[in-house]
Amino acid sequence: MEFSPSVIGQMLFTGALMGSIYGAVAMGFSLIFGVAKIINFAHAGVVLWVMYGVLVAVRSGVAHPYVAGLVAIPLCYVIGHGVQRTLMARVSAMSDDMQIIYTFGLLLVLTYMAQFFFGPDVHFLPSSGLAVEFGGVVLQVETIIAGALALGSALALHAFLSRTWLGKAIRASADNRRGATLMGLDVVRLSRVAMALSFALAALAGTILVTVTTFYPLRGLELAVLAFVIVVLGGMDNVFASFVAGVLIGMFEALGTLLFSPSIAHMAIYAMIFAVLLVRPQGLFRRRATK
Amino acid sequence: MSTTLSPILSVERLRVKYDLFEAVFDVSFEVWPGEAVCLLGSNGAGKTTSLRAILGALPIAGGRVCFLGDDTSGKSPGAMTMRGMIYVPEGRELFPSLTVLENLELGAITREARARTRASLELACELFPILAERRMQLAGTLSGGQQQMLAIARGLMGLPRLLMLDEPSLGLAPVVVEQVYAALGRIVRSGTPIILVEQHVHQALELCQRGYVLEGGRTVQQGSTAELAGSDRLRSAYLGVN
Amino acid sequence: MEKDQHSIGQDNRRWTRRTVLKQAAAVAGAAFLPRFASAATEIPIGVVVGLTGAAADYGRDALRAFELVADRVNLSGGIKSLGGAKIKLLVADHQTDLRVASSETERLITRENVLGILGWAASGPARVGSEVGERYQVPSIDTSVDYKLTERGLKYFYRAAINTRQTCNRGVEFVQEMEKTQGAAVKRVAIVHEDLAYGTGAGDLFKEAIERVGRWQLVDRVAYTAAKLTEATGIVNKLKAQNVDVVFQASYPADGILIQRAMKQLRLDLVANVHPAGAPPNLQYVGNLKSDANYVITTLGWTSSMAERLPAGAKATVDEYTKRYKVAVQDQAGYSLSAAAAMVAALSRIKSLDRAELWQAIDKIDLSFGQDPNVIIPFGIKWDEKHDNAKAQAVVTQILGQQLVVVSPKDLALQAPVVPAPSWNKRG
Ligand SMILES: Nc1ncnc2c1ncn2[C@@H]1O[C@H](COP(=O)(O)OP(=O)(O)O)[C@@H](O)[C@H]1O
Ligand SMILES: [Mg+2]
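Worth saying up front: this structure is predicted, and the values here are computed from it rather than measured.

## Brief notes about the interface of chain A and chain B
When the parts of a complex come together, some accessible area is lost, and that lost area is often used as the size of the interface.
Here's step 1: Counting residues at the interface gives 20 residues for chain A and 26 residues for chain B.
Here's step 2: The largest share of the area that chain A buries against chain B comes from Trp165, Leu182 and Met183 of chain A, three residues that together contribute 36% of it.
Here's step 3: Counting every contact that joins chain A to chain B gives 3 salt bridges.
Here's step 4: In this structure, Arg178 of chain A engages Glu93 of chain B in a salt bridge whose closest nitrogen and oxygen atoms are separated by 2.6 Å.
Here's step 5: Summed over the shared surface of chain A and chain B, the number is 7 residue pairs in polar contact (both at pLDDT 80 or more).
Here's step 6: Sorting the residues of the side of chain A that touches chain B by element identifies helix H6 (165-175) and helix H7 (177-182) of chain A as the ones contributing at least two each.
Here's step 7: Considering each element in turn, the side of chain A that touches chain B owes the most residues, 6 residues, to H6 of chain A.

In structure tokens:
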């Protein structure tokens, strides 16, 4: 096989763009783990439902996918707030394995509800057909927009968490919940804000995914595994590292596809995760903080 | 005006339970404006439990706590902190993976404190110059003494109307304890009322004007620090080893 | 034992006697004893299909077809050679679950005493169910497509459906024909397949067939996990880098759609893109891709677009099915109508309700297209040494104008194939 510059360029750009989208799926998942120490598999269920929501809006002629996403994001923010008040309120008091069973159960409920309402069929939005071409590399406009939105939201979230007082407070309550309580931070409110943000991120991820890929109810389970894998690689609670890990996985997948095959690339990704868990359980990018 | 006539904090017959286990039976004390008060007592006497209950982090099972003239029952630590009651916890409870600067910034919890962040930071760094040097370092990488300084400085960032310090010298080398107490002396002299919980009785008695002795969840003695320093009871129960 | 017999109600007296006979047979150590045709007014035939679970669509279609054929026979006076005995279908749901498939097959054989079995309309259940049939020496005619089912040397298991070996081989053969008739230039070919049983099996079969052709260069074999495929430009980029002329592909709908879309995006122009059934016949494929699905080629055992060209009797059967169930005849229904026809033909040749006799009759089946109205798959049913249907022939269909159109063989074709496919730049 010859690796012409255009073939390599195609591989690199596709890998980076898809990886950014994976990162977008993982960020909200990682945020909730960071703040509430909950492994929220249901996150992928929210992404799935946003995908169906956007699909319905587009199919019924109500809105363009991006417009639908613009509505979905604040809507999900509000829903996330409500969910933290109700469904998730008692989760942080559960034991770790109960939490996983609970959130995974929620994911199954969301998945099978999608199956019930929308059927098991594959859905897929017609693409604009617009593409950007340079040096033999062809990139679908939707994919470029998706990657840009994912990167933009990762940067915005990173800025929010590292620059604003509220963002720092969210990180603080993730770092030492008891300490945060004792110094007067309202950790309950902060976890609601975090869940709301996580839902908003799920809405963003769902919107951009809808424009680039096919989906069906069981896709939710795959997305949950993907998010989990990325977050393990990035270090469970580091949101920006999760995004970077997503990009890495996307690049790795693209390279593995070009050199071998997607099956082998995916197997290698899982092998890599296993190695990370063994050697650097704190994730690739995280410094080990000493108390 | 009223502050000159009434105590900042008054605790009457406080009772606190951990589920069924009653840790504090009968604790009463007061802090008046500008005053530094120490709570002394051996390990397990109920000092930390009392402070946390006053802050609202533990439910009060009986008695009455008034802060700045208001009954505090049912208030959360968030609400108490907003009113100016700042707790510097036992064991420091910093945010280890946030930087020194971020830890300090988070101390400015009220709107007023946040508006004055810059001035407070200058003050804190003047008090503990080492923190200025280390401001971009993660809090978890500081030495024990530096962490304690950061915890105190973080408390000051909230512009306390009452600063409650829980064993600030715990686990520190004697030289470092000296440094910490030098800073506490400046805080007291600036007029900020403090409650100091200590096992290092000597320093506490030197710093404060008045003190209370807790034993088995009860206040068993109170008086000026001069009186307490001469007390046989304190000596035998608590300073015996010294 | 006495008690058991007394507890069985009046209506079931016939069964009681059969039970006695069966137990006598067991005591005697004989596999089975002939039962007397004169005593039988019904012929118990087992139907084991998935009515729930992943293969429920297939099971439902298969059962519809079996019932249609049985009703036709029963309404026209039953099986003449057995004194007008009626066919009684005893239906069990294997739930697309291997354990259930095994236990339900066994139950029909031992409790319901079925003479033969029609099933299993799903490859996994067929694998285990056929082993149970083998153990009890009960002949079965299956409608699943996995080529491996007939590679186990079973004596009592027959498959009426076209298998994946036949569809894959036909695809490769068709490309060779196109080289001759259309002057299509094929040098470099690649296989792309999902990595579960269906795709991997098809990949192996394509590879064998391509190697037999000899003169093509197989430049790549790309396996992917369907559920994990979020985008496919990576795969297509790789194919493009290797200048492939023909892609032999085995996909499910979701991934098939992504790959086809990526081919358009990266403008991968192929002489032909050939699938053995898989994604393209699925309504979702064209539904989602619209005109981008055009020119994709699929080899199939049955497609409803063949109906127009069927012999009159077969056409009438298809029409009756469509009228009765208000749906078109899908591939499973097509195989199942034909499998039931084979069972009926075998029953018409036996003199007593005896499994061994039925087995021999099934073994000798030779039905041709147009001869039995219930045989609707081209071009009839006759077993080869593996008990596969040697007369079954895959039809080649191509998506043209967003329709699955038969383009080969000639006698069934509605249009001529468009090979090589027009380049993406020339499409609308
Ligand atoms: N979380 C807890 N649960 C149950 N008992 C506790 C808890 N924390 C402290 N105690 C008990 O309450 C009593 C008072 O403890 P504490 O207030 O920490 O004492 P001090 O601060 O004076 O050393 C001790 O007997 C201690 O064992
Ligand atoms: Mg204590």
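Additional details are given in the paragraphs that follow.
## Quick word on the side chain of Thr143 of chain C
Residue and element names in this part refer to chain C.
Here's step 1: Tracing the sequence through the fold places Thr143 in the loop between strand E4 (140-142) and strand E5 (157-159).
Here's step 2: Look at Thr143 and you get buried, because its relative accessible area is 0%.
Here's step 3: Each residue touching Thr143, except ones within four places of it in the same chain, is listed here: Phe66, Gly119, Trp120, Ala121, Ala161, Gln332, Tyr335, Ser336 and Ala339.

## Side note on the pairing of strand E4 (residues 62-67) of chain B
All names here are of chain B.
Here's step 1: As defined by bridge partners, strand E1 (residues 9-18) adjoins E4 across 5 bridges and the pair is classed as antiparallel. Across the sheet, Val11 pairs through a bridge with Val65, a residue of E4.
Here's step 2: Here E4 pairs with strand E5 (residues 70-71) via 2 bridges, running antiparallel. Bridge pairing in E5 places Phe67 opposite Asp70.
Here's step 3: Connecting E4 to the antiparallel partner E5 that follows it, the hairpin turn spans 2 residues, and Leu68 within it adopts a positive phi of roughly 50°.

## Looking at the coordination of the magnesium ion (ligand 2)
Residues and elements named next belong to chain B.
Here's step 1: For the magnesium ion (ligand 2), the protein coordination sphere consists of Thr48 (OG1) and Glu90 (OE), at 2.0 to 2.1 Å. With Thr48 in helix H2 (residues 47-55) and Glu90 in the loop between strand E6 (85-88) and helix H4 (100-107), the pair connects residues that are 42 residues apart, well separated along the chain.
Here's step 2: Of the residues examined, Glu90 reaches a relative accessible area of 27% and is grouped as partly exposed.

Rules used throughout
Residues numbered from 1 in each chain as written. Chains lettered and ligands numbered in written order. Predicted model: local features only at pLDDT ≥ 70, side-chain atom pairs only at ≥ 80, totals over all residues. Heavy atoms only, no water. Contact = heavy atoms within 4.5 Å. Buried area = accessible area lost by both parts, 1.4 Å probe. Salt bridge = Lys/Arg side-chain N within 4 Å of Asp/Glu carboxyl O. Polar contact = N/O pair within 3.5 Å; in protein donor to acceptor, adjacent residues only side chain to side chain. Helix = DSSP H or I, 4+ residues; strand = E, 2+ residues; numbered from the N terminus. Buried < 20%, exposed > 50% of the residue type's maximum accessible area, 1.4 Å probe, protein only. Pairing = 2+ DSSP bridges. Donors = N, O, S within 2.8 Å, 3.2 Å for Na, K, Ca; no water.

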